[in-house]
Structures are given as structure tokens and as C-alpha cells.
Amino acid sequence: MKNNSTYKKLTRREKEILKWEKERRKPKRNLYFVYLVLIISLIYATDEIASQIGTLMKTEIANDLFAKFGESSVGVLDILSMIVVPFQALGLIYRPLADKLGRKLFLIINTFGMSVAMLVIFLSGNLYLYFAGACLVQFFIPHDMHVVYIMESSPSKHRARIYSVIKFFANMSVMLIPLLRKLLMKDASQWRMVFFIPAVVGIITSLIALLTARETDTFIESRLKYLRKTEDEIKAERRAENAQGGLIPALKFALKHKQLRWLYITAAFTNIGFIATLNYQVVLSYGYAQNFVQNGLFKNLGEEVMNAVSTGPVTTALFMFPVGSAIAQVIMGFISDSKGRKTAAVVTAFDCLLSFILFTVGARLAWEPYLVGFFCGAFIGSYYTTNDVLIMMIGESSPTNLRSSTMSAQFIVTALGVVISYGVSLPLVTILGNTFMGVVCFGLLVPGFIIALFLLAKKTHETKGINMDTVTGCEWD
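Everything numeric in this text was worked out from a predicted model, so none of it was measured.

Visitor: Would you mind going over the packing of helix H21 (residues 341–364) against helix H24 (residues 437–459) in detail, with residue names and values included?
Guide: Between H21 and H24, the shortest axis-to-axis distance is 11 Å and the interhelical angle comes to 165°. Classified by the angle their axes make, H21 and H24 are roughly antiparallel. Here H21 runs over H24; the crossing is left-handed. Together, Lys-342, Ala-345, Val-346, Ala-349, Cys-352, Leu-353, Phe-356 and Ile-357 of H21 and Gly-438, Cys-441, Phe-442, Leu-445, Val-446, Phe-449, Leu-453, Leu-456 and Ala-457 of H24 make up the contact between the two elements.

Visitor: Could you give an account of the environment of Gly-246, with specific residues and numbers?
Guide: Tracing the backbone shows Gly-246 in the loop between helix H15 (231–239) and helix H16 (247–256). According to the relative accessible area criterion, Gly-246 is buried, its value standing at 17%. As a C-alpha pair, Gly-246 and Leu-90 span 156 residues in sequence and 13 Å in three-dimensional space. Apart from residues no more than four positions distant in its own chain, Gly-246 is found in contact with Pro-96 and Ser-405.

Visitor: A description of the packing of aromatic side chains should follow, citing residues and the corresponding values.
Guide: Applying the stated criterion to the full structure yields 15 aromatic pairs. A centroid spacing of 4.9 Å and a plane angle of 90° characterise the contact between Phe-139 and Phe-140, whose relative ring orientation is edge-to-face. By relative accessible area, Phe-139 is classed as buried at 16%. On the basis of relative accessibility, which here comes to 12%, the residue Phe-140 falls in the buried class. Judged by centre distance (6.1 Å) and plane angle (15°), the ring pair of Phe-359 and Phe-379 falls under stacked. Of the two residues, Phe-359 sits in helix H21 while Phe-379 sits in helix H22 (residues 369–396), which places them 20 residues apart along the sequence. Taken together, the ring pairs in this structure connect Tyr-130, Phe-131, Trp-191 and Phe-195 into an aromatic cluster.

Visitor: Any chance you could break down empty space enclosed by the protein for me, citing the residues and the numbers?
Guide: Per the counting criterion, the structure on display carries four cavities of 30 Å³ or more. Computed from the structure, the largest cavity encloses a volume of approximately 70 Å³. Counting residues per element, the lining of the largest cavity draws most heavily on H22, which supplies three residues.

Visitor: Requested: an account of helix H11 (residues 159–173), with residues and values cited.
Guide: The terminal C-alpha atoms of H11, which comprises 15 residues, lie 21 Å apart, in line with the 21 Å expected from a rise of 1.5 Å per residue. Along H11, the residues that are buried comprise Arg-159, Ala-160, Ile-162, Tyr-163, Ser-164, Ile-166, Lys-167, Ala-170, Asn-171 and Ser-173.

Visitor: Tell me about the state of the cysteines, and please be specific about residues and values.
Guide: Counting across every chain of the model gives zero disulfides. Cys-376 takes part in no disulfide bond, and the closest cysteine sulfur, belonging to Cys-441, lies 11 Å away. For Cys-376, a relative accessible area of 0% gives the class buried. A relative accessible area of 0% places Cys-441 in the buried class.

Visitor: Explain the pattern of salt bridges to me, using residue names and the numbers behind them.
Guide: If you walk through the whole model with that rule in mind, you get 14 salt bridges. Residues Glu-48 and Lys-167 are paired through a salt bridge, measuring 3.7 Å at the closest nitrogen-oxygen approach. Of the two residues, Glu-48 is situated in helix H3 (residues 32–56) and Lys-167 in helix H11; the sequence distance between them amounts to 119 residues. Like Glu-48, the residue Lys-167 is buried in the burial classification. Here the salt bridges do not stand alone but share partners, grouping Glu-21, Arg-24, Glu-221 and Arg-228 into one network.

Visitor: Go over the layout of surface pockets, please, and point to the residues and values.
Guide: It is the rolling of a water-molecule-sized probe over the atoms that shows where space remains empty. Of the voids in this model, the second largest pocket is the one considered here, and its volume is about 440 Å³. Considering the residues around the second largest pocket, the lining is formed by 21 residues, among which Glu-23, Lys-26, Thr-212, Ala-213 and Arg-214 are closest to the centre. Where the lining of the second largest pocket is concerned, the elements lending two or more residues are helix H2 (12–25), H3, helix H8 (103–123) and helix H13 (196–212). Broken down by element, the residue count for the lining of the second largest pocket peaks at four residues, all from H2.

Visitor: How would you explain the nonpolar core if you had to name every residue and give the values?
Guide: Grouped together as the largest cluster of nonpolar side chains are 123 residues, with contacts concentrated most on Met-57, Leu-284, Phe-359 and Phe-379. Of the residues forming this core, the biggest block, twelve residues, is contributed by H22. Setting aside chain neighbours within four positions, we find Phe-379 in contact with Ala-276, Tyr-280, Cys-352, Ser-355, Phe-356, Phe-359 and Leu-445. Core analysis: the next-biggest nonpolar cluster, separate from the first, contains seven residues, Ile-17, Trp-20, Phe-219 and Ile-220 among them.

Visitor: Lay out the side chain of Thr-216 in plain terms, naming residues and giving numbers.
Guide: Tracing the backbone shows Thr-216 in the loop between H13 and helix H14 (217–227). Here the side chain of Thr-216 touches Phe-219 through a polar contact of 3.3 Å, landing on its backbone nitrogen. Setting aside chain neighbours within four positions, we find Thr-216 in contact with Arg-103, Tyr-149, Glu-152 and Ser-153.

Visitor: Talk me through the confidence of the model for the protein chain; I want residue IDs and the actual numbers.
Guide: Scored by pLDDT, the protein chain has a mean of 83; 90% of the residues are at 70 or more. Mean pLDDT values over the elements of the protein chain span from 62, in helix H1 (residues 5–8), up to 93, in helix H17 (residues 258–270).

Visitor: Account for the packing of H11 against H22, with residues named and values stated.
Guide: Two quantities define a packed helix pair, namely the angle between the axes and the distance from one axis to the other. Running from N to C, H11 and H22 point in directions that differ by 140°, and their axes come no closer than 12 Å. Here H22 runs oblique to H11, going by the angle between their axes. Crossing hand, H11 versus H22: right-handed. On the side of H11, the interface is formed by Arg-159, Ala-160, Tyr-163 and Lys-167, while H22 contributes Asp-388, Met-392 and Glu-396. Here the residues of the contact of H11 with H22 are counted per class, giving three nonpolar, no polar and four charged.

Visitor: Provide a residue-level description of the side chain of Ser-124, including the pertinent values.
Guide: Looking at where Ser-124 falls in the secondary structure, it is placed in the loop between H8 and helix H9 (127–140). Take Ser-124: its relative accessible area is 4%, and that puts it in the buried class. At 2.6 Å, the side chain of Ser-124 and the backbone oxygen of Ile-121 are in polar contact.

Visitor: Residue-level account of unusual backbone geometry, with values.
Guide: If you check the backbone angles, Ala-366 has positive phi at about 55° while not being a glycine. Relative to the assigned elements, Ala-366 resides in the loop between H21 and H22.

Parameters at a glance
- Residues numbered from 1 in each chain as written.
- Predicted model: local features only at pLDDT ≥ 70, side-chain atom pairs only at ≥ 80, totals over all residues.
- Heavy atoms only, no water.
- Axes fitted to C-alpha atoms, helices over the stretch in contact; angles between N-to-C directions.
- Helix = DSSP H or I, 4+ residues; strand = E, 2+ residues; numbered from the N terminus.
- Parallel < 35°, antiparallel > 145°, perpendicular 65-115°, else oblique.
- Left-handed = near helix turned anticlockwise from the far one by under 90°.
- Contact = heavy atoms within 4.5 Å.
- Buried < 20%, exposed > 50% of the residue type's maximum accessible area, 1.4 Å probe, protein only.
- Phe/Tyr/Trp six-rings, centres within 6.5 Å; stacked < 30°, edge-to-face > 60°.
- 1 Å grid on protein atoms, 1.4 Å probe; cavity = no way out; pocket = protein on both sides within 12 Å on 5 of 7 lines; lining within 4 Å.
- Points joined across faces, edges and corners; volume = space filled by probe spheres on them.
- Expected span 1.5 Å × (residues − 1).
- Disulfide = S-S within 2.5 Å.
- Salt bridge = Lys/Arg side-chain N within 4 Å of Asp/Glu carboxyl O.
- Core = buried A, V, L, I, M, F, W, Y, C linked by side-chain atoms within 4.5 Å.
- Polar contact = N/O pair within 3.5 Å; in protein donor to acceptor, adjacent residues only side chain to side chain.
- pLDDT = per-residue confidence, 0-100.
- Nonpolar A, V, L, I, M, F, W, Y, C, P; charged D, E, K, R; others polar.

Shown next, in the form of C-alpha cells:
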């Protein structure tokens with residue numbers, strides 16, 4: 001028992017060994033993996049909704065909070081949204097703790113945190129409370145501990161397929177957002193109502209995970225192996241920059257080894273087009289609005305036309321957004337496991353560029369909203385799928401003791417792409433107006449992806465079928 005004198009005399013290391021030994025001995029019930037997939041699917045759905053809901057409501061949020069800025073409201077919102085960057089930076093320090101404290105703890109904390117953040121936005125009656133919720137969301141959603149769970153719990157030959165099926169469900173859950181728009185938004189100013197139900201569902205999901213999820217076997221074995229090493233062995237590992245987790249050791253390790261270094265750089269170039277993932281709903285809204293004005297339905301891009309667009313074609317289009325996004329995810333999974341990760345990245349990147357062009361042109365020409373919404377979803381799904389493949393390759397190229405940390409440290413390098421994306425787009429959109437968002441996004445997205453594809457083909461190596469328990473990260477040096 002933990003309260004007896006023998007236990008009290010144990011060192012901290014010995015107590016932790018007992019803790020993980022006890023966790024390892026816990027029996028897995030029949031069909032536990034199926035059950036785990038269901039839990040992770042619910043958590044992934046919460047993450048996708050928290051990630052997309054602000055973007056899917058962006059035009060309404062910008063026009064409500066910054067109505068006095070008119071045509072530049074979205075640019076002003078994006079500029080003020082830079083206050084979330086320090087919270088994203090704090091997350092870089094927070095995530096690597098999962099390599100020491102375990103995956104389950106952070107799986108639960110992240111899910112609960114992003115759900116509470118949506119609840120704060122629902123309750124926000126002013127600009128300050130809205131940004132408090134937005135900062136909390138941006139702190140929790142980038143960590144993707146559910147992705148680590150999938151990677152460490154799935155058989156290697158089916159890893160990408162399982163991931164894509166779970167992501168398919170998560171993407172389809174985003175359909176809840178346009179449904180709530182239709183049911184709860186009588187006019188554009190009622191956008192806060194859409195945040196309530198996803199927040200409650202997320203809180204319940206985190207409690208289910210707390211009671212039912214089990215720590216991953218891969219982490220337990222890795223942690224026990226580390227804890228049983230001698231002090232001399234640990235010091236030798238630290239000198240070799242292969243510590244048990246930590247942002248700085250992970251970054252040093254990644255930059256030292258060719259495979260991880262080039263994956264980081266490739267991901268940085270894909271993120272030059274990042275601004276497009278934040279403003280696709282703006283492109284959608286102003287595309288239809290411009291068409292309405294051009295065809296004489298309204299005199300100018302005022303409150304009347306934007307309200308008509310928000311409650312009309314945009315809400316209709318967004319019903320097909322998750323369908324297009326989900327299909328893009330499933331394609332990635334099956335190609336990735338059959339043809340390889342690099343082939344999957346090439347296919348999804350091409351789909352991303354083609355879908356972006358079709359969705360922007362379709363909105364501007366007022367094509368059938370369901371079709372435009374499908375292309376919009378395919379663009380976003382393909383964009384994130386391309387980055388998901390890169391993140392999966394990073395995880396598959398890293399040793400277990402640094403896996404979560406290297407997946408977190410890559411944000412330091414990829415942030416360079418995001419900085420370029422913001423640095424170019426924010427002044428242009430603020431000066432030129434919201435109607436130019438599509439042109440600006442295209443000018444950043446296309447060259448960034450072209451360079452990324454070249455680097456992926458020439459500088460990185462395939463990771464399909466890699467053994468997650470034995471990979472060292474040095475195989476490709």
C-alpha cells in the first residue's frame with residue numbers, strides 16, 4: 001500500500017516505476033482497441049470543431065466586433081488575433097511534458113480546456129472575454145495528443161488508414177456547425193449561440209476519456225526503460241542530445257538529423273499559405289456578396305447583403321464543407337498505407353491547390369452553394385492532410401522518448417512560414433479590404449506548396465511501415 005513505511009522510503013524514481021508497472025498490469029478488456037478508437041474519435045471531433053468553429057463564423061464575428069471598420073473588419077480582427085501568439089508559444093513548452101508525464105493526462109486536459117474555451121466565447125459579452133476564449137482555444141488545440149495516441153496504439157501497417165477513418169468522422173462532425181447556424185442564427189449577430197453545444201459535448205467527452213482511456217503501452221515501456229537506467233547512462237544520453245522529452249533537446253535532435261531537419265523545413269513552406277486556412281469563410285462570403293452586388297441584387301457590400309449571405313448561401317455551402325474535408329482525409333489514409341507517405345503528400349497537395357481555385361472561382365461566380373462548399377472543404381481537408389502526413393512522418397522518424405517533443409518542436413521552425421503568411425497578408429487585406437482576401441491567399445499558398453513538394457521529393461525519405469518502438473531517428477543520416 002502507498003501509505004506504508006516501505007513505500008515512503010522509496011525514491012521518487014522508484015515510486016514512478018511502481019506507478020507505471022501498475023498501469024502496465026491493468027488488463028485490456030475485449031475489443032479495447034475498438035473502444036479506444038471510439039473515444040479518440042469523439043476527442044478528435046471536439047478538436048476539429050474547436051479548430052474550425054471560429055473560422056466558419058469569422059465574417060460574422062469580424063463584422064459584429066469591428067463593424068465601424070467596414071470593409072477592413074477581417075483585417076483588423078486578424079491583427080488583434082496576434083495576441084494569441086504568446087499562448088501558442090506557451091504551448092510549445094507545455095506539450096513536451098507528455099514525454100515525461102504520460103499521454104492520457106494531456107489528452108484529457110486538452111479536450112476539457114478547448115471545450116471550456118468555447119464556453120467562454122459563448123458567454124462573451126464584450127471583446128475582452130471573446131479574446132480570452134480565443135486565446136484558450138489556441139493554447140489547447142495545437143497539441144493533438146489524440147494523434148500521438150493513434151500512432152502509438154495502431155498496428156503499423158494500418159496506422160494511416162485508422163488515422164484517416166478517425167479523421168473522417170472528426171471532419172464530418174464539423175457539419176454540426178452549419179446545422180447550428182441554421183437552427184440558432186436568425187441573423188448574423190447571433191453567432192455566439194453556435195459555440196454552446198460543442199462546448200458541452202466536449203466537456204462530457206473529456207470526462208468519458210478520464211474514466212475509460214488507458215495510457216499507451218509504447219509510452220509505458222519507454223518510460224520504464226528510461227527510469228531503470230543508471231545515472232551514468234542518463235548523463236550519456238543527455239550528452240548525446242537524446243533526453244527523455246523536452247523542447248530544447250527535441251529541437252537539437254531534429255536539427256542534427258537530416259530526415260527530421262528537412263521535414264521541419266518542408267512543413268515551414270506549407271505554412272506560408274496558412275492565412276488561407278483562417279479566411280476561407282471570408283473568401284466564401286465576400287465571393288457571393290460581390291456577385292450579388294454585381295448582378296444588381298444589392299447596391300453595395302453593406303450590412304444587408306452580408307446578413308443575406310451569412311444566413312443564405314454561406315450556411316448552405318458549409319453543410320458540404322465537412323464532406324469535402326472528410327473525403328480528402330480518407331483518400332490520404334489509404335494512399336499513405338498502400339503507396340507511401342510521400343505519395344500521399346503529393347496527391348493531397350495537388351488536391352489542395354485545385355480545390356482552392358475551384359472554390360474561390362465558384363463563390364465569385366455564385367455556383368451552387370453545395371458544390372462550392374464541397375470544394376472549400378476539400379481545400380481545407382487537403383491542406384491539413386498534407387501537414388498531417390508531414391507530422392506523421394516526423395513522429396515516425398523520432399524515438400519514443402522524444403516523439404511528442406519533436407512533434408511539438410516542429411512548430412518553432414514552421415512558425416517561420418506562418419510569420420511570412422501573416423506579415424504579407426495582414427497589411428494587404430487591411431489596406432485593400434476583405435474582398436481581396438482570395439487573391440492574397442492564392443499568392444501565398446501556391447508558391448509555398450510548390451517549394452514544399454520539391455523538398456519532400458528530393459530531401460526526405462519514406463517512413464511507411466517504420467517500427468515505432470525501435471526507430472532511433474538516425475536511420476537516414
